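Coordinate inspection notes
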Amino acid sequence: YTIKKSCSRLDGLTIGFLGDLKYGRTVHSLAFALSNFNPTIYFISPKSLRMPEEDLKELGKKKTKYYEEEDLFKVSRNLDVLYVTRIQKERFLNPEEYHGVKGVYKLDPSFLKHTKPELKILHPLPRVDEINPQLDKAKQSIYFEQAHNGIPVRMALLSMILDGN
């Protein structure tokens, strides 16, 4: 909803998913939902946190264009939307593996020099250190609006489901 509202469309957007793509449930569900709108998707993560192969196969079946990348700056100018996720310590069985990837992506206001001016940055929240709070005031940062919009959207969905019974 927030992407549609802020970009005035869903069809044909170029969307980057950044961070923990292996364990991030929001990334999986949003990628599948957006696959219905002819996107180009960039999955940006360390090798150990790539999007699961079975999810990529499903996107391939839907003929969704996607690319895997480790370097955010290689693709940042292409993006209409950047969906950032935190790397969640609790998902790792091995503390060394977590320490090897924590903090690999950290956005601050200087990042915006490498993007389109109309880029929209989303995040499911809470964040750890992947988005510097100085970025909160940037017009590109719409994650607080995203969080706010989640409440009425969930209320509407629940109402539709419960009214149908």
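See the structure printed just above.
Each residue is numbered by its place in its chain's sequence as written, counting from 1. For a predicted model such as this one, the threshold for reporting local features is a pLDDT of at least 70, and the threshold for listing and counting side-chain atom pairs is 80 or more; totals across whole chains, interfaces and linings nevertheless cover every residue. Think of the side-chain values as coming from all heavy atoms in the structure, minus any hydrogens and water.

Once that is clear, we can look at the nonpolar core. Soluble globular proteins tend to pack their nonpolar side chains together in the buried interior. Among the nonpolar cores identified, the biggest contains 19 residues, and Ile-3, Phe-17, Ala-31, Phe-43, Met-51 and Val-81 are the most heavily contacted of them. Helical segments are the DSSP runs of H or I of at least four residues, strand segments are the runs of E of at least two, and each set is numbered from the N terminus. Of all the secondary structure elements, the ones that give two or more residues to this core are helix H1 (2-7), strand S1 (14-18), helix H2 (25-34), strand S2 (40-44), helix H3 (53-61) and strand S4 (81-84). Sort the elements by how many residues they give to this core and H2 lands first, with four residues. When neighbours within four sequence positions are excluded, Met-51 is seen to be in contact with Leu-21, Val-27, His-28, Ala-31, Phe-43, Leu-56 and Glu-68. One finds Leu-82, Leu-119, Ala-138 and Tyr-143 within the second-largest nonpolar core, a separate group that totals 18 residues. For the purposes of this section, nonpolar cores are sets of buried Ala, Val, Leu, Ile, Met, Phe, Trp, Tyr and Cys residues that join through side-chain atoms within 4.5 Å. Exposure classes here rest on a 1.4 Å probe applied to the protein chains alone. A residue is buried below 20% of its type maximum, exposed above 50%, and partly exposed in between. Every residue pair with non-hydrogen atoms within 4.5 Å of one another is taken to be in contact.

Let us now look at the pairing of S1. Of all five residues making up S1, five are buried, and the element is well covered by its neighbours. Relative to S2, S1 runs parallel, the two sharing five bridges. What sits directly across from Leu-18, in S2, is Ile-44. Look down the strands so they point away from you; if going from the first strand over the helix to the second traces a clockwise path, that crossover is right-handed. Handedness of the β-α-β unit built from S1, H2 and S2 comes out right-handed. Here the rule is simple: two strands pair whenever DSSP picks up at least two bridges between them.

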